[in-house]
Amino acid sequence: MPHANKTDTTARRSIVVGTFTNSVLDPDAPMLGPVEDGGTIIANTAPGCWGPMITPSLRGGHEVTQPVFIAGAEVGDGVAIRIRDITVTSIATASGHDSSPEGFCLGDPYVAGRCPTCDTIWPETHIEGIGQDSVKCDVCGNAVTPFQIVHGYTVTFDDTRTVGLTLPKAAAETIAQQADHYSALPDASRQHSILNFAPSDMPGTLVRMRPFMGQLGTCPSIAMPDSHNAGDFGAFLVGAPHAYSLTSEQLAQHKTDGHMDIDAVRAGAILVCPVKVKGAGVYMGDMHAGQGDGEIAGHTMDVAGSVTLQVEVVKNYPLDGPVLFPLVEDLPPMARPFTEAEKAKGQRLADKWGVSNIEPLAPISVIGTAANLNDAIENGLARAAKLLSVTVAEIRNRATVNGAIEIGRAPGVIQVTFLAPLAKLDAVGLGDYAREQYQL
């Protein structure tokens, strides 16, 4: 497909994406498209986290789709992404809490895997056998393990993709013998499946499936490892000894917070992302079969899957990070739209006390990221205040009486979710998304 550039003006109504980056989001690399404003992106995504983490030739900890150029998207705009569908195609996956053995990386095991025997950075590797020493260096044959599983599980899913069940050792090893098949790795994927490790420390555990996208967003304006396109993981790039080192100022300027791991980024939600490069560069990956808030184990059930998005340009978007319009059932109780019965009671109070107008409100979730949760909250509050042109103190009050602070991922991704004045959302071009999502 052509590189979308300034001279390519033939926008397509839809595009099917089946190619991936080398785990680095690079604004100078070719994009697919262009796709017209209002067009559709369909993608077959590869698992994130563990597979790329044990594949040291990949340079970012995930394996995301090649970015797509959106016609009409200019720096300073936003792109509204309606998530039309997310379908898990993996039959099984494996995951767990990790450790990083010494000597197997240059500063950061997600970004700069290293073979300690031949000292090759980003070595090409292959699989021999199964288990945690099954990834071998092509140069010297040494086992290369930037990450190990401390406590892990292999889980397989039912045919309706509603529940999963963790497996005992023998079953996990049977699946490991056909790891690529059971993980449903896309043809263009370069990762080793984590199913090769065959972890089985938690057998017989039933889990619910609730798929969402851990990575969904727009291309940063500097070459950046994909899993580090957020304020928390991105902090590891500051002063790093490898080729993708950034200053704290560069990180803040260039990241787009596409790596959120927020479980509400699922089918039916609307995500609005900042545009920091011409054409936006919409990309996705790191689909999760399900996850509790915080992703406290560090990783969850990473799966392959199919995704359908509809994209729309939002002119003059005022923020440097995303906002989300979640499904009603994903809103915290205090941030849900008022029912007609509640509005009637409110009107009686207004009549009694001479209040001439009850301000129309709508839910919104503003994303904040930083190196830790406290700083991420401050970032989210500041972004929400900028979005509505009010003080941070007012956002604190609104998020307290009509919302909540939710944890997307430890150590530093949060949501400031609250009922915002609809007129303020209209002023920045977001009001109609709230009306659409919540039938206001």
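Here's a quick rundown of the structure. None of the values given here were measured: they were computed from a predicted structure.

### A few points about the overall build of the chain
Right, on to step 1. Along the chain, the regular secondary structure elements total 9 helices and 20 strands.
Right, on to step 2. In terms of overall dimensions, the chain is globule-like: its C-alpha atoms have a radius of gyration of 22 Å, near the 22 Å expected for 440 residues.
Right, on to step 3. Viewed in the frame of its principal axes, the chain has a C-alpha envelope of about 80 × 55 × 40 Å.
Right, on to step 4. In the chain, once contacts between residues fewer than 6 apart in sequence are set aside, the share between residues at least 24 apart is 78%.

### Brief notes about the environment of Ile127
Right, on to step 1. Secondary-structure assignment places Ile127 in strand S7 (residues 125-127).
Right, on to step 2. Considering only alpha carbons, one finds Ile127 and His192, 65 residues apart in sequence, at a separation of 7.6 Å.
Right, on to step 3. For Ile127, the contacting residues outside a window of four places in its chain are Ser134, Val135, His192 and Asn196.

### A closer look at the pattern of salt bridges
Right, on to step 1. A complete count under the given rule lists 22 salt bridges for this structure.
Right, on to step 2. In this structure, the salt-bridge partner of Asp330 is Arg210, at a minimum N-O distance of 2.3 Å. Pair noted here: Asp330 is in the loop between strand S17 (323-325) and helix H5 (340-353) and Arg210 is in the loop between strand S11 (206-208) and strand S12 (212-218), with a separation of 120 residues, a long-range link.
Right, on to step 3. What makes Asp330 buried here is its relative accessible area of 11%.

### Digging into the side chain of Ser189
Right, on to step 1. Tracing the backbone through its elements, the reader meets Ser189 in the loop between helix H3 (179-183) and S11.
Right, on to step 2. Here Glu63 takes part through its side chain, which lies 2.7 Å from a polar atom of the side chain of Ser189.
Right, on to step 3. Sequence-distant contacts of Ser189, defined by excluding residues within four places in its chain, comprise Phe20, Ala46 and Glu63.

Cut-offs applied
Residues numbered from 1 in each chain as written. Predicted model: local features only at pLDDT ≥ 70, side-chain atom pairs only at ≥ 80, totals over all residues. Heavy atoms only, no water. Helix = DSSP H or I, 4+ residues; strand = E, 2+ residues; numbered from the N terminus. Rg over C-alpha atoms; globule rule 2.2 N^0.38 Å. Contact = heavy atoms within 4.5 Å. Salt bridge = Lys/Arg side-chain N within 4 Å of Asp/Glu carboxyl O. Buried < 20%, exposed > 50% of the residue type's maximum accessible area, 1.4 Å probe, protein only. Polar contact = N/O pair within 3.5 Å; in protein donor to acceptor, adjacent residues only side chain to side chain.

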